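# Architecture and fold: a report
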Amino acid sequence: ALRRAMPYIAFPQAARPRLGGRLRLEFMLYRRMIEIHDGRLVLRPYHHPAVPAWVAAAVAEAGEPVDAATADALLEAATIAAALENMRLGRRFTDSADAPPADAGLVLTDLDSEVQWLALVAWAFSRSAVIPLVVERLRQEEGRSVPEG
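Below is a short write-up of the structure.

### Side note on the packing of aromatic side chains
Under the defined criterion, the tally for this structure stands at zero aromatic pairs. The cationic tip of arginine 92 hangs over the ring face of tyrosine 46; the distance from NZ or CZ to the ring centre is 5.3 Å.

Here you go:
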């Protein structure tokens, strides 16, 4: 979704070095993680401040079982989904210099941890019933903020 919305975050394919085995896989993973983090940085001004509250309400409504790791991944995925929608609508909420990163408290120390985290976020983004509920709430808010005329 990030690459579709922002194709400029993708590295050119011609820039791939000729590596084999595990080195090639690690290189590809690092490239993809950089693209994802670049996309997240671009989305910072579009983060809606109400997303954490909307996620909490949507989790209760959806009735999905949520542990601490899943809750963090749902919040990250919902933040990305709402920011993508806001970017599409041209709605900015803060200067990118003032916007906190969505995972400010998250400390990942190695490639495997980062891949596991991003896999959780990707699962939540694409499969959780919470994300469509949050995006729908955002769209309802957008509808309320548009003056009728």
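### With respect to the pattern of salt bridges
According to the stated counting rule, one finds six salt bridges in the structure shown. Note that arginine 40 is salt-bridged to glutamate 76, the shortest N-O span being 2.5 Å. Placement of the pair is arginine 40 in helix α2 (residues 21–43) and glutamate 76 in helix α4 (residues 68–89), with a sequence separation of 36 residues. Each member of the pair, arginine 40 as well as glutamate 76, carries the same accessibility label: buried. The residue glutamate 85 makes a salt bridge to arginine 139 at a minimum N-O spacing of 3.1 Å. You can see glutamate 85 sitting in helix α4 and its partner arginine 139 sitting in helix α6 (residues 130–145), a full 54 residues away along the chain. We classify glutamate 85 as buried; its relative accessible area is 8%. The network of salt bridges with common partners includes Arg3, Arg32 and Glu35.

### Quick look at helix α5 (residues 111–127)
Owing to its 3.6 residues per turn, the α-helix brings residues three or four apart onto one side. Between the first and last C-alpha of α5 there are 24 Å, a value that for 17 residues agrees with the 24 Å anticipated at 1.5 Å per step. Turning to α5, its buried residues number three or more, namely Leu111, Glu114, Trp117, Leu118, Val121 and Ala124. Buried residues in α5, looked at end-on, bunch into an arc of 155°, giving them a common side. Opposite the packed face of α5, turned more than 90 degrees from it, sit the exposed residues Gln116 and Arg127. The backbone nitrogen of aspartate 112 lies 3.3 Å from a side-chain oxygen of the residue at the head of α5, namely aspartate 110.

### Here we look at helix α3 (residues 51–62)
Compared with the 16 Å implied by 1.5 Å per residue over 12 residues, the 16 Å span of α3 between its first and last C-alpha is a close match. Taken residue by residue, α3 has Val51, Trp54, Val55 and Ala58 as its buried positions. The buried residues of α3 all sit within an arc of 100° when viewed along its axis, so they share a single face. With respect to the buried face of α3, the exposed residues turned more than 90 degrees away are Ala53 and Ala60.

### Looking at a nonpolar patch on the surface
Taken together, the side chains of Phe11, Tyr30 and Ile34 make up a nonpolar region of the molecular surface, amounting to roughly 260 Å² of accessible area. Tracing the chain through its elements places tyrosine 30 in helix α2.

### A closer look at the packing of α4 against α5
Two quantities define a packed helix pair, namely the angle between the helix axes and the distance between the axes. The contact between α4 and α5 brings their axes to 8 Å, and the two run at 60°. If you check the angle between α4 and α5, you find them oblique. Where α4 crosses over α5, the two elements pack in a sense that is right-handed. In this structure, α4 contributes Ala69, Asp72, Ala73, Leu74, Glu76, Ala77, Ile80, Ala81 and Leu84 to the contact, and α5 contributes Trp117, Leu120, Val121, Ala124 and Phe125. Across the contact of α4 with α5, the residue classes break down as 12 nonpolar, no polar and two charged.

Calculation rules
Residues numbered from 1 in each chain as written. Predicted model: local features only at pLDDT ≥ 70, side-chain atom pairs only at ≥ 80, totals over all residues. Heavy atoms only, no water. Phe/Tyr/Trp six-rings, centres within 6.5 Å; stacked < 30°, edge-to-face > 60°. Lys NZ or Arg CZ within 6 Å of the ring centre and 35° of its normal. Salt bridge = Lys/Arg side-chain N within 4 Å of Asp/Glu carboxyl O. Helix = DSSP H or I, 4+ residues; strand = E, 2+ residues; numbered from the N terminus. Buried < 20%, exposed > 50% of the residue type's maximum accessible area, 1.4 Å probe, protein only. Expected span 1.5 Å × (residues − 1). Arc of directions from axis to C-beta. Polar contact = N/O pair within 3.5 Å; in protein donor to acceptor, adjacent residues only side chain to side chain. Patch = residues over 30% accessible without salt bridge, like charges linked within 9 Å, V, L, I, M, F, W, Y side chains within 5 Å. Areas by Shrake-Rupley, 256 points an atom, 1.4 Å probe, with all protein chains shown as cover. Axes fitted to C-alpha atoms, helices over the stretch in contact; angles between N-to-C directions. Parallel < 35°, antiparallel > 145°, perpendicular 65-115°, else oblique. Left-handed = near helix turned anticlockwise from the far one by under 90°. Contact = heavy atoms within 4.5 Å. Nonpolar A, V, L, I, M, F, W, Y, C, P; charged D, E, K, R; others polar.

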